[in-house]
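Observations on chain architecture
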Amino acid sequence: MLMSIRNLDVRYGRLDVIRNVELDVEDGHITVIVGANGAGKTTLLRTVAGLNTAARGSIHFKGQEITNLPAHRVAALGISMVPEGRHLFREMTVQENLEMGGFLCRKAAGTMAANLERVYDLFPVLKEHRGRKAKTFSGGQQQMITIGRGLMSDPKLLIIDELSLGLAPKIISEILEKIVLLNQQGMSIYLVEQNVKQALKIAHYGYVLDNGSITIQGNAQDLLDNPEVQRTYLGI
Ligand code: ATP
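Conventions used here
Residues numbered from 1 in each chain as written. Predicted model: local features only at pLDDT ≥ 70, side-chain atom pairs only at ≥ 80, totals over all residues. Heavy atoms only, no water. Near = heavy atom within 4 Å. Polar contact = N/O pair within 3.5 Å; in protein donor to acceptor, adjacent residues only side chain to side chain. Areas by Shrake-Rupley, 256 points an atom, 1.4 Å probe, with all protein chains shown as cover. Axes fitted to C-alpha atoms, helices over the stretch in contact; angles between N-to-C directions. Helix = DSSP H or I, 4+ residues; strand = E, 2+ residues; numbered from the N terminus. Parallel < 35°, antiparallel > 145°, perpendicular 65-115°, else oblique. Left-handed = near helix turned anticlockwise from the far one by under 90°. Contact = heavy atoms within 4.5 Å. Nonpolar A, V, L, I, M, F, W, Y, C, P; charged D, E, K, R; others polar. Pairing = 2+ DSSP bridges. Buried < 20%, exposed > 50% of the residue type's maximum accessible area, 1.4 Å probe, protein only. Right-handed = clockwise from strand over helix to strand, strands pointing away. pLDDT = per-residue confidence, 0-100. Core = buried A, V, L, I, M, F, W, Y, C linked by side-chain atoms within 4.5 Å. Salt bridge = Lys/Arg side-chain N within 4 Å of Asp/Glu carboxyl O.

Surrounding the ligand, one finds 13 residues, the nearest of these being Gly-38, Gly-40, Lys-41, Thr-42 and Thr-43. Separating an oxygen atom of the ligand from a side-chain N or O atom of Asn-37 is a distance of 3.3 Å. The separation between an oxygen atom of the ligand and a polar main-chain atom of Gly-40 is 2.9 Å. Here the ligand has 630 Å² of accessible area as a free molecule, and 59% of this is covered by the chains.

Turning next to the packing of helix 3 (residues 94-103) against helix 5 (residues 112-122). One way to put it is that helix 3 packs onto helix 5 with a least axis distance of 10 Å and a crossing angle of 125°. In terms of axis orientation, helix 3 runs oblique to helix 5. Helix 5 is crossed by helix 3, and the crossing has right-handed handedness. Along the contact surface, helix 3 presents Val-94, Gln-95, Leu-98, Glu-99, Gly-102 and Phe-103, while helix 5 presents Met-112, Leu-116, Val-119 and Tyr-120. Of the residues contributing to the contact of helix 3 with helix 5, the split by class is 7 nonpolar, 2 polar and 1 charged.

The next subject is the pairing of strand 1 (residues 3-12). In this sheet, strand 2 (residues 15-25) lies alongside strand 1 in antiparallel orientation, the contact comprising 7 bridges. Each bridged residue has a counterpart across the sheet, and for Ser-4 the counterpart in strand 2 is Asp-24. In textbook terms, the turn of a hairpin is the stretch between consecutive antiparallel strands, and for strand 1 and strand 2 this stretch comprises 2 residues, one of which, Gly-13, has a positive phi near 60°. In this structure, strand 1 lies alongside strand 4 (residues 56-61), joined through 5 bridges in antiparallel fashion. Looking across to strand 4, one finds that Arg-6 is bridged to Ser-58.

So, about the pairing of strand 7 (residues 157-161). Among the 5 residues in strand 7, 5 count as buried, and that is most of the element. Burial along strand 7 is two-sided: Leu-157, Ile-159 and Asp-161 facing one way and Leu-158 and Ile-160 facing the other are all buried. For strand 6 (residues 79-82) and strand 7, the ladder comprises 4 bridges, and the chain directions are parallel. Paired with Met-81 across the strands is Ile-159, a residue of strand 7. Pairing of strand 7 with strand 8 (residues 188-192) involves 5 bridges; the strand directions are parallel. Looking across to strand 8, one finds that Asp-161 is bridged to Val-192. In terms of handedness, the path from strand 7 via helix 8 (residues 169-184) over to strand 8 forms a crossover that is right-handed.

The predicted model of the chain averages 93 in pLDDT, with 97% of residues at 70 or higher. In the predicted assembly, ipTM is 0.93 and pTM is 0.93.

Let us look at the nonpolar core. Counting residues in each nonpolar core, the largest one holds 46 residues, and the members touching the most others are Ile-147, Leu-158, Ile-179 and Ile-189. No other element matches the 6 residues that helix 8 contributes to this core. When residues no more than four places from it in sequence are discounted, the contact partners of Ile-189 are His-29, Ile-30, Thr-31, Leu-157, Leu-158, Ile-160, Ile-179, Leu-182 and Asn-183. Val-10, Val-48, Ile-59 and Leu-157 belong to the second-largest nonpolar core, a separate cluster that totals 29 residues.

Adjacent strands of a sheet pair through backbone hydrogen bonds, lying either parallel or antiparallel. If you trace the 4 strands from one edge of the open sheet to the other, you get 2-1-4-5, paired in antiparallel fashion. Strand pairing shows two members of the sheet lacking a second neighbour, strand 2 and strand 5 (64-65), which therefore form its edges. Those strands touched by helix 1 (residues 41-48) are strand 1, strand 2 and strand 4, and its axis lies near 115° from that of strand 1.

Following the criterion strictly, the structure yields 10 salt bridges and no others. Where Glu-22 meets Arg-6, a salt bridge forms, and the shortest distance between an N and an O atom there is 3.8 Å. Residue Glu-22 is located in strand 2, and its partner Arg-6 is located in strand 1; the two are separated by 16 residues in the primary sequence. When its relative accessible area of 32% is taken as the criterion, Glu-22 is described as partly exposed. Taking relative accessible area as the criterion, Arg-6 reaches 30% and is therefore assigned partly exposed. Between Lys-156 and Asp-27 there is a salt bridge, with its nearest N and O atoms 3.3 Å apart. Placement of Lys-156 in the loop between helix 7 (139-151) and strand 7 and of Asp-27 in the loop between strand 2 and strand 3 (30-34) is noted, with a sequence separation of 129 residues between them. Residue classification places Asp-27 among the partly exposed residues on the basis of a relative accessible area of 42%.

Following this line, the structure appears as structure tokens:
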């Protein structure tokens, strides 16, 4: 198992946001978390990335405990997080934005050129316009820059929060295809997605988070066939 979460509780003050969550991300898999707004999906990702504090429980990555390590240590161990809402440096160029993702990780600094090439291979449109400011790109292309920045630390596990937020269906499919490609190249992916059907179609395994607890889990196809998932998340 690449990452294991056990008995995890996370609180904001007196509000229990994550309750006794048990979740595994298998090496080489695309693992998806779905759930309604406010279910705690972002909180769960942020806790893995070292941006929220666990009140109880443990998180292990590659056999090592990472619970409540500072975010830069989690990143150095090979976990990269693509946040919801993109958070690009809007006045900086594509290439400068990507380089920021490399500078922040000492391990990756020596392989900056190779990592850049890998990102440009994945998203040729970014290479073509690498000198343009980030703010001049469409939402979909900005999401590509954000994912590219996350890849610049050459992570073992790429965490993506709400990949498709605000994007048109065609561009969502295009980006999901790239995620599949990355996965085929050996990267493990841990994805939060509102676009449940499309996400489960590319995933190996999925979890439903409801009000801070995992209520359903299974192989992605089993989740797609699950009547409760169909009723609540697929509108069937
Ligand atoms: P969304 O899809 O809307 O992003 P989510 O499933 O990612 O939702 P979270 O953002 O993790 O859910 O929020 C879970 C709960 O925690 C919500 O009730 C939210 O209002 C609350 N919450 C989130 N961040 C904070 C915070 N910094 N302080 C207090 N409460 C918070």
